[in-house]
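This is what each chain is made of:
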Amino acid sequence: MLQELMIRDFAIIDHLTVDFSANMTVLTGETGAGKSIIIDALGLLVGARGSVDFIRKGASKSILQGQFILPPHAKTYDLLHEFGIDCEDDTLILQRDLYRSGKNICRINGVLVNLGTLRQVGQTLIDIHGQNENQELMHPERHLNLVDGYEPMIAQKLADYQILYREYCELRTALEKREKNAHEWAQRLDMLQFQVNEISDAELKVGEEEELREQKTRLDNYQTIHQALEFSYQALNGENLDVMSILGNVMDELEKISELNSDLGAIYAKVSDAYYNLQDASHEVSGQLSDLEWDEGLLNSIEERLETIHQLKRKYGDSIENILDYYEKIKAELEVMQQSDENLDEQIAKVKEAEQKARDLAETLSTLRHQTAKRLENAIHEQLSALYMDKAVFEVRFLPASEQLTETGFDRVEFYIQTNPGEEMGALARIASGGELSRIMLALKTIFAKNKGVTSIIFDEVDTGVSGRVAQAIAEKISQIADNSQVLCITHLPQVAAVAEHHYFIAKHVTAGRTETTLTILDTKERVEELARMLSGAEITTLTLEHAEELLKMANKK
């Protein structure tokens, strides 16, 4: 239930705070006084699209705030828990600030939320029904939702069906994509197989390329290396020049005097180190000479292997490590594709199985809808009879079922009506007049008031264009809805205003050159005067006052 509404700097409202009570509250006033502005503010508060045009001239922003009292087990609690918003003492406060920059700041119980979250929560709190909402009946594609909304069991069945339907669609899409791209699939499979085989046959090893290049360098420079090693060995150990023997003699002579003083000992040590280092080098040179061998066949083999590696690097990566990484990746992809290729029949079977499960549940859903449609027809006839359309025949007509499953099953419905005896049944969207649409929608609102679960229902001049006994019937119907939900109603009909428990008068004043809207709660005497104004217009006579007083007494008695 909406307990309090605060509006600041919104349209022609400077600042307005109004308390609301349970049951039915009516708002009346002259045309243009700002009645619909309050409904606009409520709509924005619960997530409707906003505009900077709503911000009062001279203000930087508009502030809308509403305090709600939630009944036990309200659907709102589930959403608040999902969004992590605390709700203490069953009180919920929504706030929305609209800035001239176009920015919106929304809060729920002080927690910043986005507009989508505000809208989701707001839809569980308030149901705003304006004149344009009757147009929902003019769109046959929306009629199925109205049928579904009448039976709570349909919501769960529909949710279960939609899970199966989505699974079926995913499997079907995957299969269609595969069949559509069968040629590309086969090409990809062949290419992966070739690449995997090519890399696998090469038997690459990490570090192999560096070793091959080193061997190639030795073979390419065989003559130069051999000459340098041979000269070095002969210089160290040759017959004509024996550096090692000479250095050995030098070391022997220095050893004799090395103990005479420290300087001589240091010289001996250096010569000794040089001798043994050269001795080691001489052995290594000898070993290199022994190992050095010219093998043209080996060189050709190395060059071929390096060319193989080069070609693989050009195709698959700039190093052996990268090539092997790519190999593991395409090998895994190939395995998946091969398994998938082998399981094509299994994939087709899964699509058929998923479709059949969805169809079976769609059949169950359709049966439930047909049963619900009959009960809805009876309920609407009962409501229309009270709205002076007792001769009308209302029918929920099921159109030929589509072979293709949809998000809602395969049912398509459209409302048909016969407004007068002897006429043909016709599509409601084509036959019903504006006044008839209003009464049919009001009948639906009466039926759905309990099912919707919202705490407040707003009627914005839904009674336009009716009068007399029809106006009285509409008043009683709106009052009946207020037995189950809080109702806020803007009206021009005195019959509707009279049945409300609470009556606010909306007026427009010019203060200091600025237009402002005010809201005043009326006592019994003031209500009689307002009803008289609504009955007669500008001139209020004794007779209209008596008529207004009688209207109010009759409403209170009922």
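Keep in mind that this is a model prediction, so the values were computed, not measured.

(A) Spotlight on the packing of aromatic side chains. By the definition in use, this model includes 6 aromatic pairs. One Lys or Arg, lysine 103, reaches over the ring of tyrosine 99 and ends 4.7 Å from the middle of that ring. One cation-aromatic arrangement involves arginine 397 over tyrosine 416; the distance from NZ or CZ to the ring centre is 4.0 Å.

(B) Focus on unusual backbone geometry. Positive phi is not limited to glycine here, since asparagine 23 has a value of about 60 degrees. Exposure remark for asparagine 23: the relative accessible area of 32% places this residue in the partly exposed category. Non-glycine residue asparagine 109 carries a positive phi angle of around 50 degrees. With respect to the element layout, asparagine 109 can be found in the loop between strand 6 (104-108) and strand 7 (111-113). By relative accessible area, asparagine 109 is classed as partly exposed at 25%.

(C) Seen up close, the packing of helix 4 (residues 143-150) against helix 13 (residues 344-386). Across the interface, helix 4 lies against helix 13 with an axial gap of 9 Å and an inter-helix angle of 90 degrees. Our classification of the angle between helix 4 and helix 13 gives roughly perpendicular. Facing helix 4, whose interface residues are Leu144, Leu146, Val147, Asp148 and Tyr150, helix 13 presents Arg369, Thr372, Ala373, Arg375, Leu376 and Ala379. Looking at the contact of helix 4 with helix 13 residue by residue, the classes come out as 7 nonpolar, 1 polar and 3 charged.

(D) Structural detail: the sheet that holds strand 4 (residues 61-69). Strand order in this open sheet of 6 strands is 2-1-4-5-6-7, and the pairing throughout is antiparallel. At either end of the open sheet lies a strand with only one pairing partner, and these are strand 2 (13-19) and strand 7. Between one strand axis and the next, the sheet turns through 15 degrees on average, direction left out of account. Pairing analysis gives 6 bridges linking strand 1 (residues 2-10) to strand 2, with the strands arranged antiparallel.

(E) Looking closely at the pairing of strand 10 (residues 413-418). Most of strand 10 is tucked away: 6 of the 6 residues are buried. Taken together, the 6 bridges between strand 9 (residues 393-398) and strand 10 define a ladder with antiparallel strand orientation. In the sheet register, phenylalanine 398 faces strand 10, and the bridge partner there is valine 413. Strand direction decides the pairing type here: strand 10 and strand 11 (residues 426-427), joined by 2 bridges, are antiparallel. Each residue of the ladder has a partner; that of tyrosine 416, found in strand 11, is alanine 427.

(F) Summary view of the packing of helix 5 (residues 152-180) against helix 13. Between helix 5 and helix 13, whose axes approach to 9 Å, the crossing angle comes to 155 degrees. With respect to helix 13, the axis of helix 5 lies roughly antiparallel. Here helix 5 and helix 13 pass one another in a crossing that is left-handed. Of the residues belonging to the contact of helix 5 with helix 13, the class tally is 19 nonpolar, 2 polar and 8 charged.

(G) Main features of a negative patch on the surface. A contiguous patch of negative charge, built from Glu210, Glu211, Glu214, Glu321, Asp325 and Glu328, is present on the exposed surface. Of all the secondary structure elements, the ones that give two or more residues to the negative patch are helix 7 (208-220) and helix 12 (320-342). Tracing the backbone shows glutamate 321 in helix 12. On the accessibility criterion, glutamate 321 (39% relative accessible area) is partly exposed.

(H) Inspection of helix 4 at higher detail. The element helix 4 is extensively covered by neighbouring structure, given that 6 of its 8 residues are classed as buried. Buried within helix 4 are the following residues: His143, Leu144, Leu146, Val147, Asp148 and Tyr150.

(I) Structural context of the pattern of salt bridges. Evaluated as defined, the whole model comprises 22 salt bridges. Residue lysine 553 pairs with glutamate 549 through a salt bridge whose shortest N-O separation is 3.8 Å. Of the two residues, lysine 553 and glutamate 549 both sit in helix 19 (residues 542-557), 4 residues apart, roughly one turn of that helix. One network of salt bridges, in which partners are shared, links Glu30, Glu530 and Arg533.

(J) A look at the side chain of aspartate 97. Structurally, the position occupied by aspartate 97 is in strand 5 (residues 91-99). Among the residues examined, aspartate 97 registers a relative accessible area of 4% and is labelled buried. Polar side-chain contacts of aspartate 97 include one of 3.2 Å to the side chain of glutamine 95. Apart from the residues within four sequence positions on either side, aspartate 97 is in contact with Lys61, Ser62, Ile63, Lys103, Asn104, Ile105 and Arg107.

(K) Representation of the sheet that holds strand 9 within the structure. With antiparallel pairing, 3 strands are arranged side by side in an open sheet as 9-10-11. Edge positions in the open sheet fall to strand 9 and strand 11, since each of these has one partner strand only.

How each quantity is defined
Residues numbered from 1 in each chain as written. Predicted model: local features only at pLDDT ≥ 70, side-chain atom pairs only at ≥ 80, totals over all residues. Heavy atoms only, no water. Phe/Tyr/Trp six-rings, centres within 6.5 Å; stacked < 30°, edge-to-face > 60°. Lys NZ or Arg CZ within 6 Å of the ring centre and 35° of its normal. Buried < 20%, exposed > 50% of the residue type's maximum accessible area, 1.4 Å probe, protein only. Helix = DSSP H or I, 4+ residues; strand = E, 2+ residues; numbered from the N terminus. Axes fitted to C-alpha atoms, helices over the stretch in contact; angles between N-to-C directions. Parallel < 35°, antiparallel > 145°, perpendicular 65-115°, else oblique. Contact = heavy atoms within 4.5 Å. Nonpolar A, V, L, I, M, F, W, Y, C, P; charged D, E, K, R; others polar. Pairing = 2+ DSSP bridges. Left-handed = near helix turned anticlockwise from the far one by under 90°. Patch = residues over 30% accessible without salt bridge, like charges linked within 9 Å, V, L, I, M, F, W, Y side chains within 5 Å. Areas by Shrake-Rupley, 256 points an atom, 1.4 Å probe, with all protein chains shown as cover. Salt bridge = Lys/Arg side-chain N within 4 Å of Asp/Glu carboxyl O. Lys, Arg positive; Asp, Glu negative; His and termini not counted. Charge placed at Lys NZ, Arg CZ, Asp CG, Glu CD. Polar contact = N/O pair within 3.5 Å; in protein donor to acceptor, adjacent residues only side chain to side chain.

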